[in-house]
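Take a look at the letters that make up each chain.
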Amino acid sequence: MVKEVKVYDKLGRNSEFLGHEVAGDKHYVMDVNLKKQYSIGFLGNIKAGGGTDDRYLARLFAMRFTDHSRLAIYGNLNNLNDNRNPGENDGWSPSKMIGGQTWQQTAGLDYSIDDRYKRYELNGNAQFEHADNNTVNNTSRTNFLEGGDTYDRIVSAARNHNLRLSTSHRFYFKFKNANLEVKPSFSYSKYDNRNSYSSLTLSKDFSSFAKAQLDSMFTSPLGSYFKQSAINRNLRSGMAEGHSLNASLSASSMIKFKTSPDNIGLYANASYRNSSDKTFDRNLVEYYSGGQRASSDFRNRYFDNLPDRGYHIMGKANYTFMTTIGGLGFYYQYDRNYTSRRSSLFRLDQLEDWGEDTEHGLGSLPSVDTYMRVMDRANSYDSRQHDDSHALGFTFNLSGDTENWNHWSQLELPVSFLSRTLHYQRGSMDTTITKRTAMVSWFHGHYIAKRHDNKGEFWLEYGLSAKAPDMTMFLDINDTTDPLNTTLGNPNLKNSYSLRIVTHYSFMNLQKRQMFGLQVHYMPTFNDIAMGYTYDKATGRRTFRPANVNGNWQGGIGIYGGSNLNKAGTLSMNGSVGPIFRRSADLIAVEGSEETGKSIVKTLGVYGDLNLEYSFGHSSVKLLGEVNYGNTTGTREGFNSFSSTDFKYGTTAKLQLPWKLQLSTDLTMYSRRGYANSAMNTDDLVWNARLSRPFLKGKLIALIDGFDILGQLNNVTRTVNAQGIEEVYSNVLPRYVMFHVIFRFNKAPKKRN
């Protein structure tokens, strides 16, 4: 079937068109050329199955192909969340699972046509997607505060229905002295979501309560266990319905000259979006003091977010002078962005019979005239913003060869001039502000050195980019939409700058299947925009205000490698190890305190993984291990340093058994230590297995799968920054056993005599 396989550095389309390499337009590729009798045909597969706990799976893929065209259709219906196969555990962990349980349906069409004389290329797709997701999150959060931390326990549930239609296409044409690429795309999505949220904030650590007590946090009234240390409790239910539409069209062209290697590049893009959203919620906040409920705040709210639309247009032109050692280019780019948003909030609880004891269902409304009388104008707004950007820059590309190495480098020095105008109405505010600034990104660049024999590679990536604050952050607003979180503005914000430096070296010996590498990265942010807050310990209210802060950065070193351990190549090993350092700075103050409020949290982490694999015949066995350790310290007085460790170890196997049976399995222990919520410090043994057998010369395969056979799978994630620790436990798909079959078909045209 396969005629030959080629592995080589291939120039991209623009490089092939111009007759010389364009910066960054080279790729290391593998071409698999089929024999002529196999280059035209029809192939596909059908998969169907059912299992315990109402699990199901149905998939279809069919493709008609020639040596210059392809047409494929596909469909997928399942409620399995996960596309992994047993015995394929590489790099997977429970935290990477799709949260909750998902029922999804997908169908689509994909096509590709290439002219045999390379004059044009046409390809595209159209897809339908529908998903129904049910997610429950249980969150424990520690808020780092001067004078003593506070603790949140949150339980949230969401049922989200999403439908999406999308299509995208690419048309490429090559003429004598120019090429043209056009990319249209369109998508429409619609959603219908339901959610509930319950939170309790305490001055006392949750670990001091028994599990039975914790389970009674959200009963009514609040249990006596918590009243002495309770600060507030928030109970909310909501729903949201809406849709969005997105369309875009981009075009690019490269123009060359008969008498010069110089070239001109032209680029254009236009996009449009339009969305609307209607949100309802009923929100109750209870405040506690001295072990008693001191007060409460109930709000029955309706948000009408319509319209929310905008467009973006871009045009760019560049001229590149080619020399014997590289190219020098100059470019100009113009961007225009327009956004229009209107959000109206109506306080239905201010109407008679629409308060805390209302019998009206969530999502119902009185007459328009009635609810218009209770508009919360202080928290409703109408916003229109125009952004115009003019960018000038030059690029320099240098390439050359030495005895053993090929060198390539690129440097870009861009300067953009940004003018933004915001028209904003909110309550009694009706204002227009304009900001003009020069966004000097200073430089972006790459340097790559590659050995001619492909045994070694070194690359360096560097760049400094600028980001302007959101225009609404400059406004003198007092957003009290959320009774527990007030947002203010700051007219004195500055642009932030992010530096990125990444360097990498690798050595490869493909014949011996050896690879070793080293990577170092350093990424600081200057004048980072932080949503710092002042915390009221008596009520648990936060007042947020954006401000610039310095001191955020992260860096790390990674060493990795892999090699065969015997001449036969049946025993191999690979792994990686390295430290990671994160420094997180934020502005957090306690109401009534004289402290400045700057909080710095440092985390030193160490990661490592090691895999050992042995292959024999058509079977293989792998041993694996991985560890992630983090130690966190803080500069705030009274900060309690802590450490946490996530580690796993186990085995995967693919075994060829008698009677054409194949067993694929993975058995892995996932362990956590040092989590603030002791219930998350567990050892979860996860076992998946698959038994399969082919029939009809491999055209039909029967399989039986067992996922999470021991029923110990958990999905836990942890986030640490200057504001606190957040540990989230999400519901996962229950264990199941499934039987399914796969039918494969492949039809080639009959040979001609």
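Quantities reported herein were computed from a predicted structural model and do not represent experimental measurements.

### A short note on the overall build of the protein
No. 1: Along the protein, the regular secondary structure elements total 4 helices and 35 strands.
No. 2: Here the protein holds 753 residues, and the buried ones make up 40% of them.

### As for the side chain of Thr 102
No. 1: Tracing the backbone shows Thr 102 in strand 6 (residues 101-114).
No. 2: Since its relative accessible area comes to 7%, Thr 102 is described here as buried.
No. 3: Only 2.6 Å separates the side chain of Thr 102 from the side chain of Asn 133, close enough to count as a polar contact.

### Description of the pattern of salt bridges
No. 1: Using the criterion set out here, one finds 30 salt bridges in the structure.
No. 2: Within the structure, one salt-bridge network assembled from shared partners comprises Arg 141, Asp 152, Arg 542 and Glu 726.

### Concerning the packing of aromatic side chains
No. 1: Going through the model one piece at a time under the given rule, you end up with 22 aromatic pairs.
No. 2: Judged by centre distance (4.7 Å) and plane angle (70°), the rings of Phe 144 and Phe 639 are edge-to-face. Here Phe 144, found in the loop between strand 7 (120-143) and strand 8 (150-174), pairs with Phe 639, found in the loop between strand 28 (619-634) and strand 29 (642-656); they are 495 residues apart in sequence, far enough to count as distant.
No. 3: A residue is classified by how much of its surface remains accessible, and Phe 144, at 4% relative accessible area, is buried.
No. 4: Using a relative accessible area of 12% as the deciding quantity, one classes Phe 639 as buried.
No. 5: Relative to Tyr 371, the ring of Tyr 302 has its centre 5.6 Å away and its plane inclined at 85°; by these criteria the two rings are edge-to-face. Of this pair, Tyr 302 sits in strand 12 (residues 292-322) while Tyr 371 sits in helix 4 (residues 368-372), placing them 69 residues apart in sequence.

### Some thoughts on the nonpolar core
No. 1: Judged by nonpolar contacts, Met 239, Phe 280, Tyr 302, Phe 346, Leu 348, Leu 351, Trp 354, Tyr 371, Val 374 and Met 375 together constitute the single largest core of 10 residues.
No. 2: Ignoring sequence-local partners within four residues, the contact set of Leu 351 consists of Pro 366, Thr 370 and Val 374.
No. 3: Counting residues in each nonpolar core, the second largest holds 8 residues, with Tyr 424, Ile 433, Met 471 and Leu 475 among its members.

### Examining a nonpolar patch on the surface
No. 1: The grouping of Leu 518, Val 520, Ile 557, Ile 559, Val 577, Val 606, Val 627 and Tyr 629 at the surface amounts to a nonpolar patch, some 590 Å² of accessible area in total.
No. 2: The partly exposed category is assigned to Ile 557, whose relative accessible area is 38%.

### Examining a negative patch on the surface
No. 1: The grouping of Glu 352, Asp 353, Glu 356, Asp 357 and Glu 359 at the surface amounts to a negative patch.
No. 2: Tracing the backbone shows Glu 359 in the loop between strand 13 (326-347) and helix 4.

### Quick word on unusual backbone geometry
No. 1: With omega at 0°, the peptide bond leading from Leu 306 into Pro 307 counts as cis.
No. 2: Along the chain, the position of Pro 307 falls in strand 12.
No. 3: If you check the backbone angles, Lys 118 has positive phi at about 60° while not being a glycine.
No. 4: Along the chain, Lys 118 turns up in the loop between strand 6 and strand 7.
No. 5: On the basis of relative accessible area, Lys 118 is assigned to the exposed category, the value being 57%.
No. 6: Phi is positive for Lys 660, close to 65°, though the residue is something other than glycine.

Thresholds applied
Residues numbered from 1 in each chain as written. Predicted model: local features only at pLDDT ≥ 70, side-chain atom pairs only at ≥ 80, totals over all residues. Heavy atoms only, no water. Helix = DSSP H or I, 4+ residues; strand = E, 2+ residues; numbered from the N terminus. Buried < 20%, exposed > 50% of the residue type's maximum accessible area, 1.4 Å probe, protein only. Polar contact = N/O pair within 3.5 Å; in protein donor to acceptor, adjacent residues only side chain to side chain. Salt bridge = Lys/Arg side-chain N within 4 Å of Asp/Glu carboxyl O. Phe/Tyr/Trp six-rings, centres within 6.5 Å; stacked < 30°, edge-to-face > 60°. Core = buried A, V, L, I, M, F, W, Y, C linked by side-chain atoms within 4.5 Å. Contact = heavy atoms within 4.5 Å. Patch = residues over 30% accessible without salt bridge, like charges linked within 9 Å, V, L, I, M, F, W, Y side chains within 5 Å. Areas by Shrake-Rupley, 256 points an atom, 1.4 Å probe, with all protein chains shown as cover. Lys, Arg positive; Asp, Glu negative; His and termini not counted. Charge placed at Lys NZ, Arg CZ, Asp CG, Glu CD.

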